[in-house]
Amino acid sequence: MIRERAYPVEPWHVRETRLDLDVLAQSESVFALSNGHIGLRGNLDEGEPHGLPGTYLNSFYELRPLPYAEAGYGFPESGQTLVNVTNGKPIRLLVDDEPFDVRYGELLHHERVLDLRAGTLQRSVEWRSPAGRTVRICSTRLVSFTQRSIAAIEYRVEPVDGPMRLIVQSELVANEQLPTQSRDPRVAAVLESPLQAEERLVNSDGALLVHRTKASGLRLAVSMSHEVHGPERKVVGNEAYEDWARTTVTCVLKPGERLRVVKYVAYGWSSRRSRPGLRDQVAAALAGARFSGWDGLCAEQRGYLDTFWNDSDVQVEGDPEVQQAVRFGLFHVLQAGARAELRPIAAKGLTGPGYDGHAFWDTETFVLPVLTYTLPSAVASALRWRHSTLHLAQERARTLGLQGAAFPWRTIRGQETSAYWPAGTAGFHIAADIADAVRRYVQATGDEQFEREAGLELLVETARLWRSLGHHDRHGKFHLDGVTGPDEYTAVKNDNVYTNLMAQRNLLAAAEAVARHAEQAYRLGVDDEETAAWRDAANDMHVPYDPELGVHPQVEGFTRFQEWDFAGTPPEQYPLLLNYPYFDLYRKQVIKQADLVLAMHWRGDAFTDEEKAANFAYYERRTVRDSSLSACTQAVLAAEVGHLELAHDYLGEAALMDLHDLNQNTRDGVHVASLAGAWIALVAGFGGLRDHTETLSFTPRLPSRIDRLEFSLRWRGVHLRVDVRSDAATYVLRDGDPDDVMELLHHGELLRVTCDNPVTRPVPPIESSGPQPAQPAGRAPVRRTPEREP
Ligand code: BGC
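- Per an unreviewed UniProt entry, the protein chain carries the name Alpha,alpha-trehalose phosphorylase and comes from Plantactinospora soyae.
- Comment text from UniProt for the protein chain, heading Sequence similarities (unreviewed entry), reads "Belongs to the glycosyl hydrolase 65 family."

## Concerning the overall build of the protein chain
- A tally of helices and strands in the protein chain yields 17 helices and 31 strands.
- For 790 residues, the compact-globule estimate of 2.2 N^0.38 gives 28 Å, and the C-alpha radius of gyration of the protein chain, at 27 Å, lies within 12% of that figure.
- In terms of overall dimensions, the protein chain has C-alpha extents of about 85 × 65 × 55 Å along its principal axes.
- Scored against the burial criterion, the 790 residues of the protein chain give a buried share of 63%.
- Counting contacts in the protein chain only where the partners sit at least 6 residues apart, residues at least 24 apart contribute 68% of the total.
- For the protein chain, the computed accessible surface area is about 28600 Å², with 48% contributed by carbon and sulfur atoms.
- Positive and negative charge centroids in the protein chain, built from 85 and 109 side chains respectively, lie 4 Å apart.

## Some details on the site of the ligand
- Neighbouring the ligand are Ala347, Tyr355, Phe360, Trp361, Asp362, Glu488, Lys592, Gln593, Ser627 and Leu629.
- A distance of 3.2 Å is found between an oxygen atom of the ligand and a side-chain nitrogen or oxygen belonging to Glu488.
- With respect to the ligand, the side chain of Gln593 contributes an N or O atom lying 2.5 Å from an oxygen atom.
- Burial of the ligand by the protein chains amounts to 93% of its free accessible area of 310 Å².
- Considered class by class, the residues forming the shell around the ligand number five nonpolar, two polar and three charged.

## Some thoughts on the sheet that holds strand S3 (residues 38–40)
- Strand order in the open sheet formed by three strands is S2-S3-S4, and the pairing between neighbours is antiparallel. Edge positions in the sheet fall to strand S2 (33–34) and strand S4 (55–57), since each has one partner strand and no second.
- Judged from the three bridges that link them, S3 and S4 form a sheet pairing that is antiparallel. Bridge pairing links Gly39 to Tyr56 in S4.

## Comments concerning the side chain of Asn175
- Positionally, Asn175 belongs in the loop between strand S13 (164–173) and strand S14 (195–203).
- Among the polar contacts made by the side chain of Asn175, one reaches the main-chain carbonyl oxygen of Leu195 at a distance of 2.8 Å.
- Of note is the side chain of Asn175, whose polar atom sits 3.1 Å from the side chain of Asp243.
- Residues within four places of Asn175 in sequence aside, it is in contact with Ser193, Pro194, Leu195 and Asp243.

## With respect to the pattern of salt bridges
- Tallied over the full model, the rule gives 67 salt bridges.
- A salt bridge links Asp45 to Arg141; the shortest N-O distance between them is 3.5 Å. Of this pair, Asp45 sits in the loop between S3 and S4 while Arg141 is found in strand S11 (residues 134–143), placing the two residues 96 residues apart along the sequence. Across this residue pair, the class does not change: Asp45 and Arg141 are buried.
- A salt bridge links Arg384 to Glu453, with the shortest nitrogen-to-oxygen separation between them at 3.0 Å. Of this pair, Arg384 sits in helix H5 (residues 376–388) while Glu453 sits in helix H8 (residues 448–469), and the two are 69 residues apart along the sequence.
- Looking at Arg384, the relative accessible area reads 25%, which means it is partly exposed.
- The partly exposed category is assigned to Glu453, whose relative accessible area is 39%.
- A network of salt bridges, in which partner residues are shared, links Glu48, Arg92, Asp101, Arg103, Glu171, Glu239 and Arg246.

## Thoughts on the nonpolar core
- Counting residues in hydrophobic clusters, the biggest one holds 189 residues, and the most contacted among them are Trp679, Leu682, Phe686, Phe698, Leu713 and Leu720.
- Considering every element that reaches this core, the biggest residue donor is helix H17 (residues 672–686), with twelve residues.
- Non-local contacts of Phe698, meaning those with residues more than four positions away in its chain, are made with Gly687, Gly688, Leu689, Phe711, Leu713, Leu720, Val722, Tyr731, Leu744, Leu745, His746 and His747.
- Counting 23 residues, the second-largest nonpolar core is a separate cluster that includes Leu19, Phe100, Val102 and Val125.

## Looking at the UniProt feature "binding site: substrate" (unreviewed entry) in the protein chain
- Here, UniProt's "binding site: substrate" (unreviewed entry) annotation points to Trp361, Asp362, Lys592 and Gln593.
- In this structure Asp362 comes out as buried when scored by relative accessible area, which is 10%.
- Discounting residues that sit within four places of it in the chain, Asp362 has contacts with Ala347, Val367, Leu629 and Ala673.
- If we skip the residues at most four places from it in the chain, Gln593 touches Trp361, Pro486, Asp487, Glu488, Thr623, Ser627, Leu629 and Ser630.

## A short note on the packing of helix H3 (residues 320–337) against helix H16 (residues 644–656)
- Contact geometry for H3 and H16: axes closest at 9 Å, N-to-C directions at 45°. The angle between the axes of H3 and H16 places the two elements in the oblique class. Of the two possible hands of crossing, H3 and H16 adopt the one that is left-handed. Between H3 and H16, the residues in contact are Glu321, Val322 and Ala325 and Leu651, Gly652, Ala655 and Leu656, respectively.
- For the contact of H3 with H16, a count of residues per class yields five nonpolar, one polar and one charged.

## With respect to helix H6 (residues 390–399)
- All buried positions along H6 are accounted for by Leu390, Leu392, Ala393, Arg396 and Ala397. Down the axis, H6 shows its buried residues gathered within 160° of arc, on one side only.
- Buried positions along H6 lie against H5 and H8.
- Phi for Gly401, located one or two positions after H6, is positive at around 80°.

## Re the sheet that holds S11
- Here nine strands make up an open sheet; going across it, the order is S1-S9-S10-S11-S12-S19-S16-S15-S14 and the pairing antiparallel. Taken across any chain shown, the strands that pair with only one partner, and hence form the sheet edges, are strand S1 (13–16) and S14. With strand direction ignored, the average angle separating the axes of adjacent strands in the sheet is 15°.
- Bridging between strand S9 (residues 106–115) and strand S10 (residues 120–128) involves nine bridges; their strand directions are antiparallel. Note on S10: the bridge partner recorded for His110 is Val125.
- Each of S9, S11, strand S12 (150–159), S14, strand S15 (206–213), strand S16 (219–229) and strand S19 (259–270) is contacted by helix H2 (residues 275–312), which is oriented at about 135° to S19, the strand it contacts most.

## Remarks on the packing of H3 against H17
- As a packed pair, H3 and H17 sit with axes 8 Å apart at the nearest point and diverge in direction by 125°. As far as their axial angle goes, H17 and H3 are oblique. Two packed elements cross with a definite hand, and for H3 against H17 that hand is left-handed. Of H17, the residues touching H3 (which contributes Val322, Val326, Phe328, Gly329, Leu330, His332, Val333 and Ala336) are Val672, Leu675, Ala676, Ala678, Trp679 and Leu682.

## A few points about the UniProt feature "domain: Glycoside hydrolase family 65 central catalytic" (unreviewed entry) in the protein chain
- UniProt annotation of "domain: Glycoside hydrolase family 65 central catalytic" (unreviewed entry) refers to residues 327–679 when read in the numbering used here.
- Its end C-alpha atoms 9 Å apart, residues 327–679 is made of 51% helix and 2% strand.

## A closer look at the packing of aromatic side chains
- In this structure the tally under the stated criterion is 23 aromatic pairs.
- Here the aromatic rings of Phe100 and Trp127 are separated by 5.1 Å at their centres, their planes lie at 70°, and the arrangement is edge-to-face. Within this pair, whereas Phe100 is found in the loop between strand S8 (98–99) and S9, its partner Trp127 is found in strand S10, the two being separated by 27 residues in sequence. Each member of the pair, Phe100 as well as Trp127, carries the same accessibility label: buried.
- Ring centres of Phe145 and Tyr304 lie 4.8 Å apart, and the angle between their planes is 10°; on these two criteria the pair is classed as stacked. With Phe145 in the loop between S11 and S12 and Tyr304 in helix H2, this residue pair connects regions lying 159 residues apart in the sequence.
- For Phe145, a relative accessible area of 1% translates into the label buried.
- Connected via pairs of aromatic rings, a cluster forms that spans Tyr355, Phe360, Trp361, Phe366, Trp409 and Tyr498.
- Above the face of the Tyr618 ring, Arg622 is positioned so that its terminal group lies 3.7 Å from the ring centre.

Definitions and cut-offs
- Residues numbered from 1 in each chain as written.
- Predicted model: local features only at pLDDT ≥ 70, side-chain atom pairs only at ≥ 80, totals over all residues.
- Heavy atoms only, no water.
- UniProt positions renumbered as here; feature names shortened; annotations may be inferred.
- Helix = DSSP H or I, 4+ residues; strand = E, 2+ residues; numbered from the N terminus.
- Rg over C-alpha atoms; globule rule 2.2 N^0.38 Å.
- Buried < 20%, exposed > 50% of the residue type's maximum accessible area, 1.4 Å probe, protein only.
- Contact = heavy atoms within 4.5 Å.
- Areas by Shrake-Rupley, 256 points an atom, 1.4 Å probe, with all protein chains shown as cover.
- Lys, Arg positive; Asp, Glu negative; His and termini not counted.
- Charge placed at Lys NZ, Arg CZ, Asp CG, Glu CD.
- Near = heavy atom within 4 Å.
- Polar contact = N/O pair within 3.5 Å; in protein donor to acceptor, adjacent residues only side chain to side chain.
- Nonpolar A, V, L, I, M, F, W, Y, C, P; charged D, E, K, R; others polar.
- Pairing = 2+ DSSP bridges.
- Salt bridge = Lys/Arg side-chain N within 4 Å of Asp/Glu carboxyl O.
- Core = buried A, V, L, I, M, F, W, Y, C linked by side-chain atoms within 4.5 Å.
- Axes fitted to C-alpha atoms, helices over the stretch in contact; angles between N-to-C directions.
- Parallel < 35°, antiparallel > 145°, perpendicular 65-115°, else oblique.
- Left-handed = near helix turned anticlockwise from the far one by under 90°.
- Arc of directions from axis to C-beta.
- Phe/Tyr/Trp six-rings, centres within 6.5 Å; stacked < 30°, edge-to-face > 60°.
- Lys NZ or Arg CZ within 6 Å of the ring centre and 35° of its normal.

See below:
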C-alpha cells in the first residue's frame, strides 16, 4: 500500500522523492498520462523494474471467450479486454558497460513529479553504476492534449564524474510479457501475445510497427521518430523486427557535456482502415509533432491546461491535502475524457488494466456530471459514443424480450460483456443514468443540435425500455421488478427506489424532449399514445416506504431482511465480496455502496428534508463502502442533512482514494469516478449544487476546517463563479457579456447574477442535524478534523 505521506502535499504537483519498488505498480497508475485516446502508465523509462507495464489506446481491445460452467439463455458469449498495445515509452541506457537499472548500483537521487499545470511527468535521477560511474538523467514525458495521436519524451543524460561511453536505446515493444494476475474479479484477464505482426519499417530517425489483433480484427500502427542533440561524434542506428524496433545512439561524453534525445511516438488504430492508410496516418501525426517540436508541444500542453484550470479549478482553503487531491482528481478526469472523442470513458480511464478496461455506469453518474460543468464538449462526445452503440443496446433488449435499448453493464465496444447477470444485465438503471446525463448536458448547455441528433433518441429508447420492463399492478401502481440497483450486495429485487425514481425522470424527460422535437420524434415512431403511456408509468411509479420505521427501503421489503453481523465481521474480511458468498450478502441488510442515498442525491426532489435525515441515518449504519463509488455520495448527503464534519471525512476518502491507495487496488488503475467524486463532494456537498430543474440551486455550507471554497461552473456559454466562506457566499459571472444574467437559488432565495455585480448572501445556520449517524463497526471514514470526538 502507498504510505500515507508518500506524496508531499503541494497545490499543483504530485511528487515522489523516494523510489519504493514495493508500490511501483500503484505509482505507475498515479503517474499515468493520458488524453483519453492514448494512455501511458507511469512506467520507468528503461522499462524495468515495473509493476505492470501498460500502454493503451481507447477501445483497442481483444475478444476472449467467457466460459460458463452452466450457460443460460441471453448470457453474453464473448468478453472484451483492453489490449496492452505496443509500448513506445522504453528508453534504455548503457553507462560504459552497465545497463542503467535502479535495482543495481546506487540510486543517489530520485524524483518524479506529475505537474498538473504543465501536463507532464518529469523524472530526475542520479545513479552510480556498480562500476562506480555516476550519471544524471532527466526525462519529461507527455501525452498531448492538442495532438491526439502523439506522446513524446525528452531524455537528457550527462556524466557526473568523468568521461564515459553512453548508449541510448529507444524502443517500440509489442506483446510485452505481463505479470500473472490475482483472483480478484476486479483485475483484468491477461492476454498472451495478442498482437500479430503485419509490417515493419525502418527510416532515418526511427521505425514503424504495424500489428493486428486476432479475433477483434483491429489494426494498430505505432511509429517513433527522434531528434538527437549531443557531441559532434555520435552514431545513430535504427532497426525493426516483428515485435520490436530500436533506435540506438552511441557517444562519449565528458563532464559538462550532455546528450539530449527527443522521442516522438504516434499511435493510430482502426477496424477498417488499410495498412497504408494507417501507416500514413501515423506518419502525418509524427510530422505534425515534429513541426511543433518539443518546446511547441510543451507550450500547447500548458496552454490547453491553462484554459482548463481557468474554467474548472476548485480552490479549497484550510485543507491543503484535499486541495491537492481534488486537482489531481480533476486532472485524471480530464485525462480520461478530454480527447476520447466518440469512444467510452472507462472506469480506470486509460491508467491500468483494471476491470478489463470497461466502461460502466460510473461514467454517466459520476464523471459526466463533473465534465458537464467543466468541459461540456467531452460530455457530448461521450454521449454520442453511447448513441453510436444504440443498435447493439436495441438488439440486447430484443434478446431479453424488451423494447427500446438495454445498454450494457460493462463494455468497451458496446456489447454486454458482464458474465455475472445479477450484477450485470439486471443493473438496468444504467439506462436511466445515461438518460439523466443527456438531460443534464442539454440543460446546462442548451445544445439543441446534440439533442436532435443523439439525445432525443437516447431518451426515447431508454423510456421504451422502462415502459416494457415495468408493469401496472391491479391498483394502477407501476413496478420495476427483478432489477439490481447501484448496491451490488442487493440483487434482482423488486422496486429499487433509485431505479424507479431515475426511470421516472427518464420517462418524463423523454416525453418533454419529444414535445420539443416533434418532427424527429415522429421519425422515431413516437406518437401521443406512447408519450401518454410514459407519463402514466412515471406518475404511477411505485416508491416503497416503510411507515413503521419512517424510512424508504432501498428495495421492496429491504427493511425486514436479516441484519448483517457487523460486530462479528473482522476487518480483514472486507471487501465482503471476496470473503462471503453473494447468496448471503443478497438476503441481508448490508450495503456495498450508496443506493438509496444516491437516489436522495440525484433525485433529491423526490424526498422531504425529514425523509432525507431519517434515511441517511438508517443507511449509514449498514453501508460498508466496499466500492469506491460510495464515499462521495455519502459526503453530499451528509452535508445536506447537516453533518458537515462527516461530509468532510467522506470527501477525504473520495479524494484520496488513489493518492493513499485506500482500496489497495490502485495498481490496476486509478478510480476515475471516485476522483470525480471529490469534485462532486465539494461542489454538490459543500456548495450544495442541485440541478433538478433549469434553475440551478445552491445551499453552500462549510465544515469547520475549510475556510473557503471557490469553484466555477460553465452554464450556457457563461462561467458562474461561486465563492463560499463560512458565513456568506458570493456569486458572479465571468467572461460573459454585460447583459448576461443567470438566475439561481441560494438557500431557496432567487438571485439574478450578472458579470458586473457580485451578489453576496449570508449562509444561514443549520437548524438541527440530529445525532451524528453511526457506521458499521470499523467502517467509519478517517476523520479529517482530528480534534473532533469520535
Ligand atoms: C461497483 C460498480 C461499479 C464498478 C466499476 C463495482 O465495484 O460496485 O458500481 O460500476 O465497480 O467501478
